[in-house]
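Reading the structure
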Amino acid sequence: MGIADQFKDKAQELADQAKQQKKAGGKRDERHDRSSDADEQRSDRASGQSGARERAQGAADQARERSDR
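Everything quoted here is computed from the prediction, not taken from an experiment.

A word on the overall build of the protein chain
Of the regular secondary structure elements, the protein chain holds two helices and zero strands. Counting the 69 residues in the protein chain, one finds 6% classified as buried.

As for the pattern of salt bridges
Pairs can form between side chains of opposite charge once their charged atoms are near each other. Following the criterion strictly, the structure yields two salt bridges and no others. Two residues, Lys10 and Glu13, come together in a salt bridge whose shortest N-O distance is 3.7 Å. Within this pair, Lys10 and its partner Glu13 are both found in helix α1 (residues 3-24), separated by three residues, close to a single helical turn. By relative accessible area, Glu13 is classed as partly exposed at 39%. Residues Arg64 and Asp61 are paired through a salt bridge, measuring 2.8 Å at the closest nitrogen-oxygen approach.

A word on α1
Since the α-helix turns once every 3.6 residues, residues separated by three or four places project in the same direction. Between its first and last C-alpha, α1 extends 31 Å over 22 residues, near the 32 Å set by a 1.5 Å rise per residue. A positive backbone phi angle near 80° is found at Gly25, which sits one or two residues after α1.

Thresholds, definitions, all that
- Position numbers for residues count from 1 along each chain, tracking the sequence in the order it is written.
- Given that the model is predicted, a residue must reach a pLDDT of at least 70 before its local features are reported, and side-chain atom pairs must reach 80 or more before they are shown or counted; all residues, however, enter totals for whole chains, interfaces and linings.
- Here the side-chain values reflect all heavy atoms present in the structure, with hydrogen atoms and water set aside.
- By definition, any uninterrupted DSSP run of H or I lasting at least four residues is a helix, any uninterrupted run of E lasting at least two residues is a strand, and each is numbered from the N terminus.
- Relative accessibility thresholds used throughout: buried, under 20% of the residue-type maximum; exposed, over 50%; partly exposed, between the two (1.4 Å probe, protein chains only).
- Only one rule defines a salt bridge in this text: a Lys or Arg side-chain nitrogen within 4 Å of an Asp or Glu carboxyl oxygen.
- What a helix should span is 1.5 Å times the count of its residues minus one.

Taken by themselves, the reported measurements are silent on function.
Written out as structure tokens, the structure reads:
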């Protein structure tokens, strides 16, 4: 699953949660919700970026090993 798919899934999940809360009449502090959502998005991006970094590092290591042979 690509990063774009993960973001789409997360956005859909958050939209569904918002609809459920609205139907239930739950009124939470919007600033807190936005802050929590932003924290989650930053965390998702960081985990996606660290995976990309690891793959890039692995590719660089493989290229270095091939050139050493």
